[in-house]
Amino acid sequence: MIELFRELLATSQTSRENQILIALDVSIVILLFMSISFALLVIFLRIKNSFHEKTWAHLHKLWNVAVLEVLSGDLSADEFRRLIPQKHQLNFVRFLASYAYRLRGSDLKILSELAKPYLPHVIDQFKHRNSGVRAWAVNTINLLGMPQYENVIEKALDDKSPKVAMFAASALLKTQKLVYVEQILKSFHRFQHWNLNSLISLLSKIGSDAIPISRIVYLDRNENLRTRIVAAEVLKKLKDYAIADDVVEILDKETDRELLAASLRLISQVGQQKHRPIVLKLGKSPDDVIRINAVKALRQLCID
């Protein structure tokens, strides 16, 4: 290659053919160096990944035995912590989380105590640029760090990723604290992938304290329709009989199919005989969904 460049440089530099040939040779040399560099990078990454896998397998085997000894009472938490290298403390929490998802009660409490000194590493992941990592952090804190880090979970409600905010909302609703209900319902329009039945169940577990805010949301015509539907279902599960007259007004004025269907399900639980006329009217609707729900509601009102 060196001899070739010497010959090229010895010839006329003004020759167009020589200029093209020099350009091609330079390109070949650059591509050769790039190929070598990529090959070395691949080898380096493969060695690094292999080392990481071997290290993780060793730690997993070590911790897997030790955690069972802790759960059975044969090993203390302090003795276990000696098996955790400082640079692997976050990995240890990842390991514990995989166990914790399968445990409840006193066993989960033991794992939470084991994880407690290392949870600040998880909190740092709330700032990670990858939304998947932030979602993992929220779920891990919900599992191992509540109620100590409840305020951190609350801040995650404002995360730019709807997925992360949804996991934070779910964690806060599980505390069954009324203070979070309005905030979460007002943000519900962001959570397009949240299972409605799951949310309704979480809200209903709060009990009758959730009724006032659910009423406000359901009756607000400026509120997001999907959020109003959730509020209607919550009122149905909690059997809010005082809302019945307002439901009739909704049935008379609203036009959205899903909201009308939810309202018909609500009136079927909380309505009285005096509410039959509006239900009978909707029973003649050309829309199958509305008509079927109206017939079911009318049947329930007739039984009652």
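A. Representation of the packing of aromatic side chains. Summed over all chains, the structure comprises nine aromatic pairs. The interplanar angle of 75 degrees and the centroid separation of 5.2 Å between the aromatic rings of Trp63 and Phe92 together place this pair among those described as edge-to-face. You can see Trp63 sitting in helix H2 (residues 16–72) and its partner Phe92 sitting in helix H4 (residues 89–100), a full 29 residues away along the chain. In this structure Phe92 comes out as buried when scored by relative accessible area, which is 0%. Relative to Phe92, the ring of Phe80 has its centre 5.3 Å away and its plane inclined at 80 degrees; by these criteria the two rings are edge-to-face. Of this pair, Phe80 sits in helix H3 (residues 77–81) while Phe92 is found in helix H4, placing the two residues twelve residues apart along the sequence. A cation over a ring is seen here: Arg94 above Trp136, with NZ or CZ 5.4 Å from the ring centre. Of note, Arg102 hangs over the ring of Tyr99, and the distance from its end group to the ring centre comes to 5.0 Å.

B. Structural context of helix H15 (residues 257–270). Compared with the 20 Å implied by 1.5 Å per residue over 14 residues, the 20 Å span of H15 between its first and last C-alpha is a close match. Among the 14 residues that make up H15, ten are buried, leaving the element largely enclosed by the rest of the structure. Taken residue by residue, H15 has Leu259, Leu260, Ala261, Ala262, Ser263, Leu264, Leu266, Ile267, Ser268 and Val270 as its buried positions. The secondary structure elements touched by the buried residues of H15 are helix H12 (211–219), helix H13 (225–237), helix H14 (244–253), helix H16 (276–282) and helix H17 (288–303). Taking the backbone nitrogen of Glu258 as reference, a side-chain oxygen 3.2 Å away marks Asp256 as the first, capping residue of H15.

Parameters at a glance
Residues numbered from 1 in each chain as written. Predicted model: local features only at pLDDT ≥ 70, side-chain atom pairs only at ≥ 80, totals over all residues. Heavy atoms only, no water. Phe/Tyr/Trp six-rings, centres within 6.5 Å; stacked < 30°, edge-to-face > 60°. Helix = DSSP H or I, 4+ residues; strand = E, 2+ residues; numbered from the N terminus. Buried < 20%, exposed > 50% of the residue type's maximum accessible area, 1.4 Å probe, protein only. Lys NZ or Arg CZ within 6 Å of the ring centre and 35° of its normal. Expected span 1.5 Å × (residues − 1). Contact = heavy atoms within 4.5 Å. Polar contact = N/O pair within 3.5 Å; in protein donor to acceptor, adjacent residues only side chain to side chain.

In short, shape yes, function no, at least from these values alone.
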